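Structural characterization, general
Listed below are the residues making up each chain.
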Amino acid sequence: MIINIIISSIAPETDSDRAKFSLGVRRESITVIAKKLQEEGMINYSRGQIQLKCREKLEIHACECYSIVKNESDRWVIDAKAA
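Read on for a plain summary of the structure.

Looking now at helix α2 (residues 27–39). Over its 13 residues, α2 extends 18 Å from the first C-alpha to the last, a length consistent with the 18 Å expected when each residue adds 1.5 Å. Once α2 ends, the next one or two residues include glycine 41, with phi positive near 80 degrees.

Here the focus is the environment of arginine 18. Among the structural elements, arginine 18 can be located in helix α1 (residues 15–23). Taking the relative accessible area as the measure of exposure, arginine 18 reaches 29% and is therefore partly exposed. In this structure the C-alpha to C-alpha distance between arginine 18 and glycine 48, which are 30 residues apart in sequence, comes to 9.7 Å.

With that out of the way, let us pick up the pairing of strand β2 (residues 49–52). Bridging between strand β1 (residues 43–46) and β2 involves four bridges; their strand directions are antiparallel. When the sheet's bridge partners are listed, serine 46 is paired in β2 with glutamine 49. Between the end of β1 and the start of β2, which pair antiparallel, lie two residues, with arginine 47 showing a positive phi angle near 50 degrees.

Attention now goes to the pattern of salt bridges. Per the counting criterion, the structure on display carries three salt bridges. Of the charged contacts in the structure, one is a salt bridge between arginine 55 and glutamate 59, with a shortest N-O distance of 2.8 Å. Placement of both arginine 55 and glutamate 59 in helix α3 (residues 55–61) is noted, with a separation of four residues, approximately one turn of the helix. Residue arginine 55 is classed as partly exposed on the basis of its relative accessible area, which comes to 26%. Across the salt bridge formed by lysine 70 and aspartate 74, the nearest N and O atoms sit 2.8 Å from each other. Of the two residues, lysine 70 and aspartate 74 both sit in helix α4 (residues 64–82), four residues apart, roughly one turn of that helix. According to the relative accessible area criterion, aspartate 74 is partly exposed, its value standing at 32%.

Quick notes on the rules
- Residues numbered from 1 in each chain as written.
- Predicted model: local features only at pLDDT ≥ 70, side-chain atom pairs only at ≥ 80, totals over all residues.
- Heavy atoms only, no water.
- Helix = DSSP H or I, 4+ residues; strand = E, 2+ residues; numbered from the N terminus.
- Expected span 1.5 Å × (residues − 1).
- Buried < 20%, exposed > 50% of the residue type's maximum accessible area, 1.4 Å probe, protein only.
- Pairing = 2+ DSSP bridges.
- Salt bridge = Lys/Arg side-chain N within 4 Å of Asp/Glu carboxyl O.

Spelled out as structure tokens, the structure:
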């Protein structure tokens, strides 16, 4: 998910710019999806700013690869803390 993506040192101006850069899609595509997520009550979206409202609902609607990536990244964090 966008929330878990580590953004590079290039600092886009808005959340939608970060998503566009990270996902490699057009800004218009981000806007369409963000509006749908807002209608479903998962995020607030205004002027390119994305605010998370319901992470649990967003995770339920994410593809199955999200949990795999999240679990793996959580494991790396635990491993790094233990080292």
